[in-house]
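A look at the structure
This is what each chain is made of:
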Amino acid sequence: MSRALSSPNIDAEAAAWLARLHGDHDAAAQDALDAWLAEDPAHAAAFERASEIWAILPRAARSSADEARLRPAPERRPWLRPMLAMAASLVLGFGVLWWSLATVGDYVTRPGEQQVATLDDGSRIALNTDTRVDVKFNADRRHITLDRGEAMFEVAHDADRPFVVIAGDTRVEALGTVFTVRRTRDEVVVTLIKGEVAVTRENAGARGGSEAPTLLQPGERLTEPAAGPARIEAASVEAATAWRRGQTIFRDTPLGEAVTELNRYGGPQVVIEDPRVAALPISGVFTTNAPDFAQAVADLHGLNVQREGDTLHLER
């Protein structure tokens, strides 16, 4: 199935697969690669580009050694130095990329950043802005901890090793599915895109009794507040995954909530102090790094924008 991934993300994944192919890999890894290549023509094209670059690197390295031995004066071949520098950077780039995309450990994005990580089992994690996850795999399970932020999980099926995401007190278990988890100080939100997940609270006993797992269906969103009962609602998959396209979608959303959402992505922070302004509804599709959001909202609702350093105040 084709996914809305940007070209840089696809190229990064292709490089990770190529590095893994040239290192230690097993039949399961090859099967996972074949599945990734087959699911989108863009994947196969990116892998071909990465293979061509990879094939160039040894020749560039040999050319560097020969040039140093036979032609020690670099001024005779002025084009060679930048070419070799580029080759060296590509070698380093592949090594760093493989380390960052295929090893277990911590994955972190800063405000405004996004990252796609391909794990050893072929699963993928897409991290949204200001997110931190910890990955731990062993022979019995695949364990992910979402410390903060938001991530989308595309889980490779492995019936012998459950794929579990822990976000605070919330435990999400899935096999061969796609879902997002978002963790803030006030709540954890799980949105199921495809497949099925079971959601439980880790400390259910401390809350006064055990809780049976809640099974979500595609298009459902479960919200676990820090205090109070969980709730399940219908969710727009398009809206839940809009950040993967660099967008956010609001539908009659209170302006205060919309501002909080967009402030997560960095840039000038928008502040609303008047509760009447914060309650104004806003609808539309906005880019996550929209620098003109405050002015657009001001024009729509007849508000004023006052700049104070890196802060924009929306007021009547």
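The following refers to the structure shown. (Residues numbered from 1 in each chain as written. Predicted model: local features only at pLDDT ≥ 70, side-chain atom pairs only at ≥ 80, totals over all residues. Heavy atoms only, no water.)

Below, the discussion takes up the sheet that holds strand β17 (residues 304-308). The strand order across the open sheet built from 3 strands is β15-β18-β17, with neighbouring strands paired in mixed fashion. Every interior strand has two partners, whereas the edge strands, β15 (269-272) and β17, have only one. Between one strand and the next, the sheet's axes are offset by a mean angle of 30 degrees, whatever the strand orientation. Relative to strand β18 (residues 311-315), β15 runs parallel, the two being bridged by 4 bridges. Considered in β18, the bridge of Ile272 is made with Leu314. Along the sheet face, helix α6 (residues 255-263) touches β15 and β18 and points at about 160 degrees away from the line of β15. (Pairing = 2+ DSSP bridges. Helix = DSSP H or I, 4+ residues; strand = E, 2+ residues; numbered from the N terminus. Axes fitted to C-alpha atoms, helices over the stretch in contact; angles between N-to-C directions. Contact = heavy atoms within 4.5 Å.)

Take helix α8 (residues 293-301) next. Looking at α8, one finds that the buried residues are Phe293, Ala294, Val297 and Ala298. Buried positions in α8, seen along its axis, are confined to an arc of 135 degrees and lie on one side of it. The exposed residues of α8 that point more than 90 degrees off its buried face are Asp299 and Leu300. Looking at the buried residues of α8, the elements they touch are β14 (247-254), α6, β15, β16 (281-287), β17 and β18. Positive phi shows up at Gly302, right after α8, with a value of about 65 degrees. (Buried < 20%, exposed > 50% of the residue type's maximum accessible area, 1.4 Å probe, protein only. Arc of directions from axis to C-beta.)

A few words on unusual backbone geometry. Positive phi outside glycine occurs at Asp130, with the angle close to 50 degrees. Here Asp130 is to be found in the loop between β3 (124-127) and β4 (132-137).

Nonpolar side chains tend to gather and get buried jointly when the protein is soluble and globular. Among the nonpolar cores identified, the biggest contains 27 residues, and Ile144, Phe153, Phe179 and Val181 are the most heavily contacted of them. Contributing elements (two or more residues each) for this core: β3, β4, β5 (142-154), β6 (163-167), β7 (170-174), β8 (178-183), β9 (187-194) and β10 (197-201). If one sorts the elements of this core by residue count, β5 sits on top with 4 residues. Listed in part, the 19 residues of the second largest apolar core include Ala258, Val259, Leu280 and Ile282. (Core = buried A, V, L, I, M, F, W, Y, C linked by side-chain atoms within 4.5 Å.)

Below, the discussion takes up the packing of aromatic side chains. Scanning the entire structure with this criterion turns up 4 aromatic pairs. Ring plane angle 65 degrees and centroid distance 6.1 Å describe the contact between Phe153 and Phe163, whose orientation is recorded as edge-to-face. Of this pair, Phe153 sits in strand β5 while Phe163 sits in strand β6; the two residues are 10 residues apart in sequence, bridging distant segments of the chain. Judged by its relative accessible area of 0%, Phe153 falls in the buried class. When the ring of Phe153 is compared with that of Phe179, the centres are 5.2 Å apart and the planes differ by 25 degrees; the resulting orientation is stacked. (Phe/Tyr/Trp six-rings, centres within 6.5 Å; stacked < 30°, edge-to-face > 60°.)

Here the focus is the pairing of strand β12 (residues 220-225). Bridge count between β9 and β12: 5 bridges; the pairing is antiparallel. Within β12, the residue paired with Val189 across the bridge is Thr223. Counted between consecutive antiparallel strands, the loop separating β12 from strand β13 (residues 231-234) contains 5 residues, among which Gly228 sits at a positive phi close to 105 degrees.

A few words now on the environment of Asn128. Residue placement: Asn128 occurs in the loop between β3 and β4. It is 5.7 Å that separates the C-alpha atoms of Asn128 and Ala151, two residues lying 23 residues apart in sequence. Sequence-distant contacts of Asn128, that is, excluding residues within four places in its chain, are made with Thr109, Glu113, Gln114, Glu150, Trp243, Arg264 and Tyr265. Among the polar contacts made by the side chain of Asn128, one reaches the side chain of Tyr265 at a distance of 2.9 Å. (Polar contact = N/O pair within 3.5 Å; in protein donor to acceptor, adjacent residues only side chain to side chain.)

Glancing now at the environment of Asp130. We classify Asp130 as partly exposed; its relative accessible area is 30%. C-alpha of Asp130 to C-alpha of Tyr265: the two residues are 135 residues apart in sequence and 7.7 Å apart in space. Setting aside residues no more than four positions away along its own chain, Asp130 makes contact with Thr109, Arg110, Pro111, Arg148 and Gly149.

Attention shifts here to the side chain of Thr200. Mapping Thr200 onto the fold places it in strand β10. In contact with Thr200, not counting residues within four places along its chain, are Asp169, Thr170, Arg171, Ala212 and Pro213.

Next up on the list: the environment of Tyr265. The topology assignment puts Tyr265 in the loop between α6 and β15. For Tyr265, a relative accessible area of 7% puts it in the buried group. Separated by 155 residues in sequence, Tyr265 and Arg110 have C-alpha atoms that sit 8.7 Å apart. With near-sequence residues (within four places) excluded, Tyr265 lies in contact with Pro111, Gly112, Gln114, Asn128, Thr129, Trp243 and Thr288.

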